[in-house]
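Survey of secondary and tertiary structure
This is what each chain is made of:
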Amino acid sequence: MWRLPGARAALRVIRTALEKLSPAEAQSQTAAGAMERAVVRCVPSEPKLSLSFALADGSHKNMQRDQSEPLGRVLSRIATNALKGHAKAAAAKKSRKSRPNASGGAACSGPGPEPAVACEPVVKLYYREEAVAEDVLNVDAWQDGAVLQIGDVKYKVERNPPAFTELQLPRYIMAGFPVCPKLSLEFGDPASSLFRWYKEAKPGAAAPEVGVPSSLSSSSPSSSWTETEVEERVYTPSNADIGLRLKLHCTPGDGQRFGPSRELESVCVVEAGPGTCTFDHRHLYTKKVTEDALIRTVSYNILADTYAQTEFSRTVLYPYCAPYALELDYRQNLIQKELTGYNADVICLQEVDRAVFSDSLVPALEAFGLEGVFRIKQHEGLATFYRKSKFSLLSQHDISFYEALESDPLHKELLEKLVLYPSAQEKVLQRSSVLQVSVLQSTKDSSKRICVANTHLYWHPKGGYIRLIQMAVALAHIRHVSCDLYPGIPVIFCGDFNSTPSTGMYHFVINGSIPEDHEDWASNGEEERCNMSLTHFFKLKSACGEPAYTNYVGGFHGCLDYIFIDLNALEVEQVIPLPSHEEVTTHQALPSVSHPSDHIALVCDLKWK
């Protein structure tokens, strides 16, 4: 383990050194003259600590001991383990050789031809060159930098070194699409860790160049590996990689030291990509992250896997879509590439499966500098991501519409109006829709804060009055956050509102009020009619206007998604053009092999006024 002063300087020094040395040379040089390693994991919240090291006989020991146990007991146990290991090694050596004295190591030579008798080795723990007393508790005894001595062998104690607790490659990899490993670290961070990518040598190709570690040169008799020269967390395979597997070698770091390296191979080969995607042309407008004065915002319903993978979806909703293009492993590649290519500052997503959030979106977007929060609905939910270099998360104020309507005094007046219409009230309170509200603070100017809201309103075509009430609850809650809790902060409200510009919901948002005689109060017939007038406080605008459609499926197309902004505090700098009609309909409708959802992402650059 290396210890170097200065986190960034340390990483630069190590990277430079590794560039000059082959991996094998780097490995051997860092190991040369170094003591063996004894790794201790000791966390205050856990009753036991773990201790792992390799004995001289080659066996590896992993011990779990109480943190409150005296050191002497552990040292005694280590001595016993070492003696047993020595005895096993001696017996094995004796069976292989005919020499009578074949014990070696820490042995007491016996007279004549009898085998040597092993003595229990001396086991001591030293800290700053002084022996640690045996009555000291484990939690205090095993300090970083201490030296464990077992017989003649010395071990450098590394307490809580950086370590990967999870490391995983995607199950489906395509040429031209970023491969973002899912990883979790303990006592470290990805930015301070080292990554090196390898690809499988083509059949019949020459052996890997000299310098590739033996552990990487072959994982099986039929596999050999060559370096790709990519030393970043994310690797984007090229067409030359099609048909080959990938391998990632990574070393966890914390800016000052590095922990044990790990490597993993992809379970699949790199597949050919779909060619041009609907978002490729859009990425030409978003090549770089925006300057500090701008907020590039994305709103996107990414189509939940729980809905895409049904027989109804395959045969009725999306019969024109190739079945493999509805598979999650395939669509995730497209979603990751599309979202990372926008270089956004704020991303609001709808229809996000919990597993997709944790296993796909977080690894991919984290690798590109974004952090996210998730709010479950029932089978899927909402996710909001923000660029860490620009924003920090100040607070979250998520609600479920029906719970807030029933229990929050903020909505007392609205509830009193609704109870006059029992049939409508019942339907409204059955809906599981939620609102995600995140307050972000600028990392460059702490006085700049923004309220980012994200929702997915009730979907049914006849549910207009339900969406009106959900929006009334949403706007009242957002006003509470942006006026009462954080007075005067601007609002960005993204989502799939399941409402075209001709609906009552859209009229209510843009005009600030809705009359009690609007036709949407009877959207599901006279039995559920619930006439009421509503108003809201905000002055809102659709940042991307009213596109012809943001949802395009076989039986419907229309504008359902919006990025509403606070006109008093924000203005639109740029709207990223939507895909052309020709691009959208290349494969009849959406989703398709070149587009992962039935919705189209809205992307715009907003500016503080």
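Please read these numbers as outputs of a predicted model, since none were measured by experiment. (Residues numbered from 1 in each chain as written. Predicted model: local features only at pLDDT ≥ 70, side-chain atom pairs only at ≥ 80, totals over all residues. Heavy atoms only, no water.)

1. Some points on the overall build of the protein chain
Helices and strands together make up the secondary structure of the protein chain, namely 17 helices and 34 strands. Here the protein chain holds 609 residues, and the buried ones make up 50% of them. Long-range contacts, defined here as pairs at least 24 residues apart, represent 71% of the contacts in the protein chain between residues at least 6 apart. Split by element, the accessible area of the protein chain, about 27,500 Å² in all, is 50% carbon and sulfur. (Helix = DSSP H or I, 4+ residues; strand = E, 2+ residues; numbered from the N terminus. Buried < 20%, exposed > 50% of the residue type's maximum accessible area, 1.4 Å probe, protein only. Contact = heavy atoms within 4.5 Å. Areas by Shrake-Rupley, 256 points an atom, 1.4 Å probe, with all protein chains shown as cover.)

2. Topic: the layout of surface pockets
Empty space among the atoms becomes apparent when a probe as large as a water molecule is rolled across them. One number sums up the size of the second largest pocket: a volume of about 1,000 Å³. Glu 351, Trp 459, His 460, Asn 498 and Asp 598 are, among the 40 residues lining the second largest pocket, the residues nearest its centre. When residues of the lining of the second largest pocket are traced back to their parent elements, those giving at least two are α8 (311–317) and β30 (551–553). The greatest single-element share of the lining of the second largest pocket, amounting to 4 residues, is contributed by α8. Looking at the lining of the second largest pocket residue by residue, the classes come out as 15 nonpolar, 18 polar and 7 charged. (1 Å grid on protein atoms, 1.4 Å probe; cavity = no way out; pocket = protein on both sides within 12 Å on 5 of 7 lines; lining within 4 Å. Points joined across faces, edges and corners; volume = space filled by probe spheres on them. Nonpolar A, V, L, I, M, F, W, Y, C, P; charged D, E, K, R; others polar.)

3. Some thoughts on the environment of Tyr 235
In this fold, Tyr 235 is placed in the loop between β14 (225–227) and β15 (246–251). Of the residues examined, Tyr 235 reaches a relative accessible area of 6% and is grouped as buried. When the C-alpha atoms of Tyr 235 and Phe 177 are compared, they prove to be 8.5 Å apart, with 58 residues separating the residues in sequence. Sequence-distant contacts of Tyr 235, that is, excluding residues within four places in its chain, are made with Phe 177, Pro 178, Val 179, Trp 197, Lys 199, Thr 228, Val 230, Asp 241 and Leu 246. A distance of 2.6 Å separates the side chain of Tyr 235 from the side chain of Asp 241, its partner in a polar contact. (Polar contact = N/O pair within 3.5 Å; in protein donor to acceptor, adjacent residues only side chain to side chain.)

4. A word on the side chain of His 397
Along the polypeptide, His 397 turns up in the loop between β22 (391–396) and β23 (399–400). Engagement of the side chain of His 397 in a polar contact is seen with the side chain of Ser 395, the distance being 2.7 Å. Sequence-distant contacts of His 397, defined by excluding residues within four places in its chain, comprise Val 437, Val 439, His 477, Val 481, Leu 485 and Tyr 486.

5. A word on empty space enclosed by the protein
Inspection of every chain in the model, using the stated rule, returns 1 cavity of 30 Å³ or more. The element best represented in the lining of the largest cavity is helix α10 (residues 328–341), accounting for 3 residues.

6. Some words on the confidence of the model for the protein chain
Chain-level pLDDT for the protein chain is 89 on average; 86% of the residues reach the 70-or-more range. Overall, residues 206–221 carries pLDDT values under 50, and its contacts beyond four positions in sequence, including any with other chains, amount to 31 contacts. (pLDDT = per-residue confidence, 0-100.)

7. Considering helix α15 (residues 464–485)
The terminal C-alpha atoms of α15 lie 30 Å apart, and with 22 residues this matches the ideal 32 Å at 1.5 Å per residue to within 8%. The buried fraction of α15 amounts to 16 of the 22 residues, a majority that puts the element mostly inside the structure. (Expected span 1.5 Å × (residues − 1).)

8. Side note on the packing of aromatic side chains
Evaluation of the coordinates by the stated rule reveals 16 aromatic pairs. Centre to centre, the rings of Phe 493 and Phe 497 are 5.2 Å apart; their planes meet at 80°, and the pair counts as edge-to-face. Take Phe 493 and Phe 497: they sit in the same class, and that class is buried. Through a chain of ring-to-ring contacts, three or more aromatic side chains come together here, namely Phe 493, Phe 497, Tyr 506, Tyr 562 and Phe 564. (Phe/Tyr/Trp six-rings, centres within 6.5 Å; stacked < 30°, edge-to-face > 60°.)

9. Brief notes about the pattern of salt bridges
Where charged atoms of side chains with opposite charge meet at close range, the side chains can pair. For the structure shown, the criterion picks out 26 salt bridges. Of the charged contacts, one joins Asp 254 and Arg 257 as a salt bridge, the two residues approaching to 3.5 Å between their closest N and O atoms. Looking at Asp 254, the relative accessible area reads 26%, which means it is partly exposed. Overall, Arg 257 belongs to the buried group, its relative accessible area being 11%. Between Lys 444 and Asp 292 there is a salt bridge, with its nearest N and O atoms 3.7 Å apart. Here Asp 292 lies in the loop between α6 (280–283) and β18 (294–301) and Lys 444 lies in the loop between β24 (434–442) and β25 (449–456), a separation of 152 residues in the sequence. Using a relative accessible area of 53% as the deciding quantity, one classes Lys 444 as exposed. On the basis of relative accessible area, Asp 292 is assigned to the partly exposed category, the value being 48%. Taken together, the salt bridges that share partners define one network made up of Glu 200, Arg 245, Lys 247, Glu 263 and Glu 265. (Salt bridge = Lys/Arg side-chain N within 4 Å of Asp/Glu carboxyl O.)

10. Things to note about the packing of α10 against helix α11 (residues 354–367)
The contact between α10 and α11 brings their axes to 10 Å, and the two run at 35°. With respect to the hand of their crossing, α10 and α11 are arranged in right-handed fashion. Seen from α10, the contacting residues are Leu 328, Gln 332, Ile 335, Gln 336, Leu 339 and Thr 340; seen from α11, they are Val 356, Ser 360, Leu 361, Ala 364 and Leu 365. In the contact of α10 with α11, the residues fall into 7 nonpolar, 4 polar and no charged. (Axes fitted to C-alpha atoms, helices over the stretch in contact; angles between N-to-C directions. Left-handed = near helix turned anticlockwise from the far one by under 90°.)

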